[in-house]
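# Notes for the structure review
This is what each chain is made of:
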Amino acid sequence: MVVQDVVTLKILSNMIRVLLALGKISGIGDAFIKKNLSVFNLKATDKVIKRLSEINDKVSFEAVSKYLNWAENVVKRCNELDIKMLPIYSLKYPEKLKELNNPPSVLYLMGNTSLLDKPIISLIGTRKSTILGSRIANKVGAYFSQEYSICNGLVDGIDRSSIENEESVYHNVVGVLSGGLNFETTSSKTTLELAKKVLKQNGLLLSEVEPDQKEDQYSGSKSSRIQAGVSSVLILIQSSIDGGSKYTVKSFSKLNRTIGYISFIGNREYDLDSSFSANRLFDKMGLNGVAKMCDLKKSDSLSIKKLVPIHSVADYRAIIEELKNNS
(Lines give C-alpha, C1' and ligand atoms only; values in the text may rest on other atoms or scores of the structure.)
Protein backbone atom coordinates (compact mmCIF):
# COMPACT_ATOMS: atom_id res chain seq x y z
CA MET A 1 0.00 0.00 0.00
CA VAL A 2 1.44 3.34 -1.06
CA VAL A 3 1.65 6.32 1.30
CA GLN A 4 -1.30 8.10 -0.37
CA ASP A 5 -3.52 5.02 0.15
CA VAL A 6 -2.56 4.89 3.83
CA VAL A 7 -3.44 8.56 4.28
CA THR A 8 -6.79 8.11 2.48
CA LEU A 9 -7.63 5.06 4.59
CA LYS A 10 -6.84 6.99 7.79
CA ILE A 11 -9.07 9.91 6.74
CA LEU A 12 -11.97 7.60 5.90
CA SER A 13 -11.52 5.70 9.15
CA ASN A 14 -11.66 8.94 11.13
CA MET A 15 -14.68 10.05 9.11
CA ILE A 16 -16.64 7.00 10.25
CA ARG A 17 -15.92 7.92 13.85
CA VAL A 18 -17.14 11.47 13.22
CA LEU A 19 -20.26 10.13 11.51
CA LEU A 20 -21.00 7.88 14.49
CA ALA A 21 -20.45 10.76 16.89
CA LEU A 22 -22.76 13.03 14.89
CA GLY A 23 -25.52 10.46 15.27
CA LYS A 24 -25.31 10.74 19.05
CA ILE A 25 -25.89 14.50 19.09
CA SER A 26 -29.47 15.32 20.08
CA GLY A 27 -31.42 16.62 17.10
CA ILE A 28 -28.89 15.38 14.53
CA GLY A 29 -30.40 12.24 13.05
CA ASP A 30 -30.21 10.14 9.91
CA ALA A 31 -32.50 12.50 7.97
CA PHE A 32 -30.15 15.44 8.63
CA ILE A 33 -27.13 13.42 7.50
CA LYS A 34 -28.88 12.38 4.28
CA LYS A 35 -29.97 15.94 3.53
CA ASN A 36 -26.40 17.17 3.92
CA LEU A 37 -24.60 14.17 2.46
CA SER A 38 -22.68 16.27 -0.05
CA VAL A 39 -20.77 17.86 2.84
CA PHE A 40 -18.85 14.61 3.27
CA ASN A 41 -17.27 15.17 -0.13
CA LEU A 42 -15.01 17.64 1.66
CA LYS A 43 -13.12 14.55 2.92
CA ALA A 44 -11.26 16.25 5.79
CA THR A 45 -13.13 15.69 9.06
CA ASP A 46 -12.48 19.21 10.39
CA LYS A 47 -13.96 20.73 7.25
CA VAL A 48 -17.01 18.44 7.47
CA ILE A 49 -17.68 19.40 11.10
CA LYS A 50 -17.18 23.10 10.37
CA ARG A 51 -19.59 23.05 7.42
CA LEU A 52 -22.26 21.08 9.32
CA SER A 53 -21.96 23.50 12.25
CA GLU A 54 -22.76 26.33 9.84
CA ILE A 55 -25.91 24.48 8.80
CA ASN A 56 -27.04 23.46 12.29
CA ASP A 57 -25.69 25.03 15.46
CA LYS A 58 -26.19 21.78 17.38
CA VAL A 59 -23.10 20.51 15.58
CA SER A 60 -19.77 21.70 16.95
CA PHE A 61 -16.27 20.38 17.47
CA GLU A 62 -17.05 20.10 21.20
CA ALA A 63 -20.29 18.18 20.59
CA VAL A 64 -18.57 15.73 18.23
CA SER A 65 -15.57 15.29 20.53
CA LYS A 66 -17.89 14.32 23.36
CA TYR A 67 -18.79 11.08 21.57
CA LEU A 68 -15.54 10.20 19.80
CA ASN A 69 -14.41 7.75 22.51
CA TRP A 70 -17.74 5.97 22.23
CA ALA A 71 -17.33 5.89 18.44
CA GLU A 72 -13.81 4.51 18.78
CA ASN A 73 -15.13 1.67 20.96
CA VAL A 74 -17.79 0.84 18.37
CA VAL A 75 -15.15 0.62 15.64
CA LYS A 76 -12.94 -1.61 17.82
CA ARG A 77 -15.90 -3.87 18.62
CA CYS A 78 -16.71 -4.23 14.94
CA ASN A 79 -13.12 -5.19 14.21
CA GLU A 80 -13.21 -7.81 16.98
CA LEU A 81 -16.42 -9.38 15.66
CA ASP A 82 -15.55 -9.13 11.94
CA ILE A 83 -18.41 -6.71 11.32
CA LYS A 84 -18.10 -4.38 8.35
CA MET A 85 -19.21 -0.77 8.68
CA LEU A 86 -20.70 0.86 5.61
CA PRO A 87 -21.15 4.64 5.92
CA ILE A 88 -23.82 6.35 3.84
CA TYR A 89 -21.21 8.37 1.92
CA SER A 90 -19.58 5.16 0.62
CA LEU A 91 -20.05 4.28 -3.05
CA LYS A 92 -20.88 0.75 -1.89
CA TYR A 93 -23.85 1.88 0.21
CA PRO A 94 -27.10 0.49 -1.32
CA GLU A 95 -28.61 3.17 -3.55
CA LYS A 96 -32.15 1.95 -2.95
CA LEU A 97 -31.72 2.32 0.80
CA LYS A 98 -30.81 5.98 0.29
CA GLU A 99 -34.33 6.57 -1.04
CA LEU A 100 -35.69 6.40 2.50
CA ASN A 101 -36.27 9.73 4.23
CA ASN A 102 -33.95 8.59 7.02
CA PRO A 103 -31.59 5.86 5.82
CA PRO A 104 -29.14 4.59 8.44
CA SER A 105 -26.03 6.76 8.48
CA VAL A 106 -23.97 3.65 9.16
CA LEU A 107 -24.94 0.15 8.10
CA TYR A 108 -23.40 -2.80 9.93
CA LEU A 109 -22.85 -5.97 7.90
CA MET A 110 -21.74 -9.52 8.61
CA GLY A 111 -21.37 -12.16 5.94
CA ASN A 112 -21.66 -12.15 2.17
CA THR A 113 -22.00 -8.48 1.18
CA SER A 114 -22.25 -9.38 -2.52
CA LEU A 115 -25.90 -10.26 -1.88
CA LEU A 116 -26.59 -6.52 -1.86
CA ASP A 117 -25.64 -6.51 -5.55
CA LYS A 118 -28.53 -8.84 -6.45
CA PRO A 119 -32.15 -7.67 -6.72
CA ILE A 120 -33.68 -8.18 -3.26
CA ILE A 121 -37.21 -9.39 -2.51
CA SER A 122 -38.61 -8.82 0.98
CA LEU A 123 -40.84 -11.74 2.08
CA ILE A 124 -42.92 -10.72 5.09
CA GLY A 125 -45.91 -11.74 7.17
CA THR A 126 -47.30 -12.67 10.55
CA ARG A 127 -45.29 -14.27 13.33
CA LYS A 128 -48.26 -16.57 13.96
CA SER A 129 -48.50 -18.15 10.55
CA THR A 130 -50.92 -20.98 9.82
CA ILE A 131 -49.98 -24.24 8.13
CA LEU A 132 -51.23 -22.82 4.83
CA GLY A 133 -49.32 -19.56 5.24
CA SER A 134 -46.11 -21.34 6.20
CA ARG A 135 -46.39 -23.73 3.26
CA ILE A 136 -46.90 -20.87 0.80
CA ALA A 137 -44.02 -18.90 2.33
CA ASN A 138 -41.67 -21.83 1.96
CA LYS A 139 -42.55 -22.31 -1.70
CA VAL A 140 -42.17 -18.61 -2.47
CA GLY A 141 -38.80 -18.49 -0.69
CA ALA A 142 -37.56 -21.62 -2.43
CA TYR A 143 -38.42 -20.21 -5.83
CA PHE A 144 -37.04 -16.69 -5.59
CA SER A 145 -33.89 -17.56 -3.61
CA GLN A 146 -32.57 -19.49 -6.60
CA GLU A 147 -31.66 -16.30 -8.45
CA TYR A 148 -32.40 -13.38 -6.15
CA SER A 149 -31.68 -12.29 -2.61
CA ILE A 150 -34.59 -12.75 -0.20
CA CYS A 151 -34.91 -10.61 2.87
CA ASN A 152 -36.78 -10.40 6.18
CA GLY A 153 -36.32 -9.95 9.92
CA LEU A 154 -35.49 -13.56 10.92
CA VAL A 155 -38.35 -14.04 13.38
CA ASP A 156 -40.95 -16.77 13.86
CA GLY A 157 -43.81 -17.37 11.46
CA ILE A 158 -43.65 -16.28 7.83
CA ASP A 159 -40.08 -14.95 8.17
CA ARG A 160 -38.82 -18.34 9.30
CA SER A 161 -40.90 -20.35 6.84
CA SER A 162 -39.84 -18.26 3.84
CA ILE A 163 -36.14 -18.99 4.35
CA GLU A 164 -36.03 -22.44 5.97
CA ASN A 165 -34.79 -25.40 3.96
CA GLU A 166 -35.23 -28.44 6.23
CA GLU A 167 -32.56 -28.02 8.95
CA SER A 168 -30.83 -25.21 7.10
CA VAL A 169 -31.91 -22.09 5.20
CA TYR A 170 -31.92 -21.22 1.53
CA HIS A 171 -28.99 -19.56 -0.16
CA ASN A 172 -29.10 -15.82 -0.84
CA VAL A 173 -30.79 -14.84 2.43
CA VAL A 174 -30.38 -11.29 3.79
CA GLY A 175 -31.44 -11.02 7.43
CA VAL A 176 -32.19 -7.59 8.91
CA LEU A 177 -31.67 -7.68 12.68
CA SER A 178 -33.38 -5.24 15.00
CA GLY A 179 -30.53 -5.64 17.50
CA GLY A 180 -26.77 -5.48 17.02
CA LEU A 181 -24.86 -8.08 15.04
CA ASN A 182 -23.39 -9.62 18.18
CA PHE A 183 -26.57 -11.68 17.97
CA GLU A 184 -25.46 -14.21 20.55
CA THR A 185 -26.29 -11.61 23.20
CA THR A 186 -28.57 -9.11 21.44
CA SER A 187 -31.22 -11.22 19.73
CA SER A 188 -34.14 -13.47 20.60
CA LYS A 189 -33.70 -17.24 20.53
CA THR A 190 -35.32 -17.57 17.10
CA THR A 191 -33.31 -14.76 15.52
CA LEU A 192 -30.11 -16.16 17.03
CA GLU A 193 -30.84 -19.61 15.59
CA LEU A 194 -31.70 -18.31 12.12
CA ALA A 195 -28.81 -15.82 12.02
CA LYS A 196 -26.33 -18.65 12.56
CA LYS A 197 -27.91 -20.65 9.74
CA VAL A 198 -27.89 -17.66 7.40
CA LEU A 199 -24.16 -17.11 7.91
CA LYS A 200 -23.47 -20.83 7.51
CA GLN A 201 -25.20 -20.71 4.11
CA ASN A 202 -23.09 -17.73 3.00
CA GLY A 203 -25.90 -15.26 3.64
CA LEU A 204 -25.77 -11.70 4.96
CA LEU A 205 -26.85 -10.02 8.19
CA LEU A 206 -27.61 -6.29 8.41
CA SER A 207 -28.26 -3.92 11.28
CA GLU A 208 -28.33 -0.16 11.85
CA VAL A 209 -27.29 -0.33 15.50
CA GLU A 210 -23.92 -0.91 17.12
CA PRO A 211 -22.90 -4.55 17.72
CA ASP A 212 -23.89 -4.97 21.37
CA GLN A 213 -27.21 -3.09 21.38
CA LYS A 214 -30.07 -5.43 22.29
CA GLU A 215 -33.34 -5.57 20.39
CA ASP A 216 -36.37 -4.15 22.18
CA GLN A 217 -40.10 -3.63 21.62
CA TYR A 218 -39.49 -0.65 19.34
CA SER A 219 -36.46 -1.74 17.34
CA GLY A 220 -38.38 -4.22 15.19
CA SER A 221 -40.71 -1.63 13.70
CA LYS A 222 -37.77 0.71 13.13
CA SER A 223 -35.61 -1.90 11.39
CA SER A 224 -38.54 -2.83 9.12
CA ARG A 225 -37.79 0.30 7.09
CA ILE A 226 -34.38 -1.20 6.22
CA GLN A 227 -36.09 -4.32 4.87
CA ALA A 228 -38.25 -2.02 2.78
CA GLY A 229 -35.36 0.19 1.73
CA VAL A 230 -33.05 -2.49 0.36
CA SER A 231 -35.79 -4.39 -1.50
CA SER A 232 -36.88 -3.92 -5.09
CA VAL A 233 -40.12 -5.84 -4.50
CA LEU A 234 -42.03 -6.70 -1.33
CA ILE A 235 -44.28 -9.77 -1.09
CA LEU A 236 -46.85 -9.99 1.70
CA ILE A 237 -47.41 -13.69 2.36
CA GLN A 238 -49.93 -13.67 5.22
CA SER A 239 -50.97 -10.92 7.60
CA SER A 240 -53.87 -9.54 9.56
CA ILE A 241 -54.81 -5.92 8.95
CA ASP A 242 -53.23 -4.74 12.20
CA GLY A 243 -50.23 -7.09 12.15
CA GLY A 244 -46.61 -6.01 12.49
CA SER A 245 -46.16 -6.31 8.71
CA LYS A 246 -47.91 -2.96 8.38
CA TYR A 247 -44.69 -1.17 9.39
CA THR A 248 -42.68 -2.68 6.54
CA VAL A 249 -45.56 -2.17 4.09
CA LYS A 250 -45.90 1.47 5.19
CA SER A 251 -42.19 2.17 4.67
CA PHE A 252 -42.20 0.39 1.33
CA SER A 253 -45.31 2.25 0.17
CA LYS A 254 -43.35 5.52 0.05
CA LEU A 255 -40.74 4.27 -2.43
CA ASN A 256 -42.63 3.84 -5.73
CA ARG A 257 -41.86 0.13 -5.97
CA THR A 258 -43.97 -2.99 -6.53
CA ILE A 259 -45.88 -4.88 -3.84
CA GLY A 260 -46.94 -8.47 -4.42
CA TYR A 261 -49.31 -10.33 -2.13
CA ILE A 262 -50.64 -13.86 -1.86
CA SER A 263 -54.23 -14.09 -3.09
CA PHE A 264 -55.78 -17.51 -2.53
CA ILE A 265 -59.46 -16.73 -3.03
CA GLY A 266 -61.64 -19.84 -2.82
CA ASN A 267 -59.56 -21.52 -0.14
CA ARG A 268 -61.67 -21.74 3.02
CA GLU A 269 -58.85 -20.77 5.39
CA TYR A 270 -57.81 -17.85 3.22
CA ASP A 271 -61.39 -16.62 2.91
CA LEU A 272 -62.20 -16.83 6.64
CA ASP A 273 -59.09 -16.74 8.85
CA SER A 274 -58.24 -13.35 10.38
CA SER A 275 -54.53 -14.00 9.75
CA PHE A 276 -55.21 -13.41 6.03
CA SER A 277 -57.37 -10.31 6.57
CA ALA A 278 -54.78 -7.90 5.12
CA ASN A 279 -54.46 -10.05 2.00
CA ARG A 280 -58.25 -10.08 1.59
CA LEU A 281 -58.31 -6.32 2.09
CA PHE A 282 -55.91 -5.94 -0.84
CA ASP A 283 -58.15 -8.23 -2.91
CA LYS A 284 -61.22 -6.17 -2.12
CA MET A 285 -59.88 -2.61 -2.19
CA GLY A 286 -56.60 -2.70 -4.09
CA LEU A 287 -54.37 0.28 -3.29
CA ASN A 288 -57.06 1.68 -1.02
CA GLY A 289 -56.66 -1.52 1.00
CA VAL A 290 -52.94 -0.90 1.32
CA ALA A 291 -53.68 2.64 2.48
CA LYS A 292 -56.12 1.34 5.09
CA MET A 293 -53.57 -1.14 6.42
CA CYS A 294 -51.08 1.72 6.68
CA ASP A 295 -53.61 3.89 8.56
CA LEU A 296 -53.85 6.35 5.69
CA LYS A 297 -57.14 7.87 4.53
CA LYS A 298 -56.46 7.79 0.79
CA SER A 299 -54.35 5.79 -1.62
CA ASP A 300 -53.15 9.15 -3.00
CA SER A 301 -50.84 9.23 0.02
CA LEU A 302 -49.06 6.12 -1.24
CA SER A 303 -46.25 5.82 -3.76
CA ILE A 304 -46.62 2.29 -5.13
CA LYS A 305 -45.69 1.41 -8.68
CA LYS A 306 -47.88 -1.66 -8.91
CA LEU A 307 -49.90 -4.02 -6.69
CA VAL A 308 -49.62 -7.61 -7.93
CA PRO A 309 -51.87 -10.42 -6.64
CA ILE A 310 -50.12 -13.79 -6.62
CA HIS A 311 -52.59 -16.62 -7.18
CA SER A 312 -50.16 -19.31 -8.32
CA VAL A 313 -46.63 -19.99 -9.54
CA ALA A 314 -47.61 -18.53 -12.90
CA ASP A 315 -47.85 -15.10 -11.29
CA TYR A 316 -44.19 -15.24 -10.23
CA ARG A 317 -43.36 -14.12 -13.77
CA ALA A 318 -45.01 -10.77 -13.09
CA ILE A 319 -42.81 -10.32 -10.00
CA ILE A 320 -39.68 -11.22 -11.97
CA GLU A 321 -40.63 -8.66 -14.63
CA GLU A 322 -40.98 -6.02 -11.92
CA LEU A 323 -37.58 -6.99 -10.52
CA LYS A 324 -36.02 -6.45 -13.94
CA ASN A 325 -37.68 -3.06 -14.24
CA ASN A 326 -36.96 -1.84 -10.69
CA SER A 327 -33.45 -3.11 -9.98
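Let us look at the structure shown here. Computed from a predicted model, the values in this text were never measured in an experiment. (Residues numbered from 1 in each chain as written. Predicted model: local features only at pLDDT ≥ 70, side-chain atom pairs only at ≥ 80, totals over all residues. Heavy atoms only, no water.)

## Examining the overall build of the protein
- The number of helices and strands found in the protein is 15 helices and eleven strands.
- The C-alpha radius of gyration of the protein comes to 21 Å, within 12% of the 20 Å expected for a compact globule of 327 residues.
- Dimensions along the principal axes, computed over C-alpha positions, put the protein at roughly 65 × 45 × 35 Å.
- The buried share of the protein, taken over its 327 residues, is 54%.
- Partitioning the intrachain contacts of the protein with sequence separation of at least 6 by distance along the chain shows that 72% fall at a separation of at least 24. (Helix = DSSP H or I, 4+ residues; strand = E, 2+ residues; numbered from the N terminus. Rg over C-alpha atoms; globule rule 2.2 N^0.38 Å. Buried < 20%, exposed > 50% of the residue type's maximum accessible area, 1.4 Å probe, protein only. Contact = heavy atoms within 4.5 Å.)

## Some words on the pairing of strand β8 (residues 204-207)
- Neither face of β8 is left uncovered, since the one carrying Leu204 and Leu206 and the one carrying Leu205 and Ser207 both have all their residues buried.
- In terms of strand pairing, strand β2 (residues 106-111) meets β8 through four bridges, oriented antiparallel. Looking at the pairing, tyrosine 108 lines up with serine 207 of β8.
- Pairing of strand β7 (residues 173-176) with β8 involves three bridges; the strand directions are parallel. Note on β8: the bridge partner recorded for glycine 175 is leucine 205. (Pairing = 2+ DSSP bridges.)

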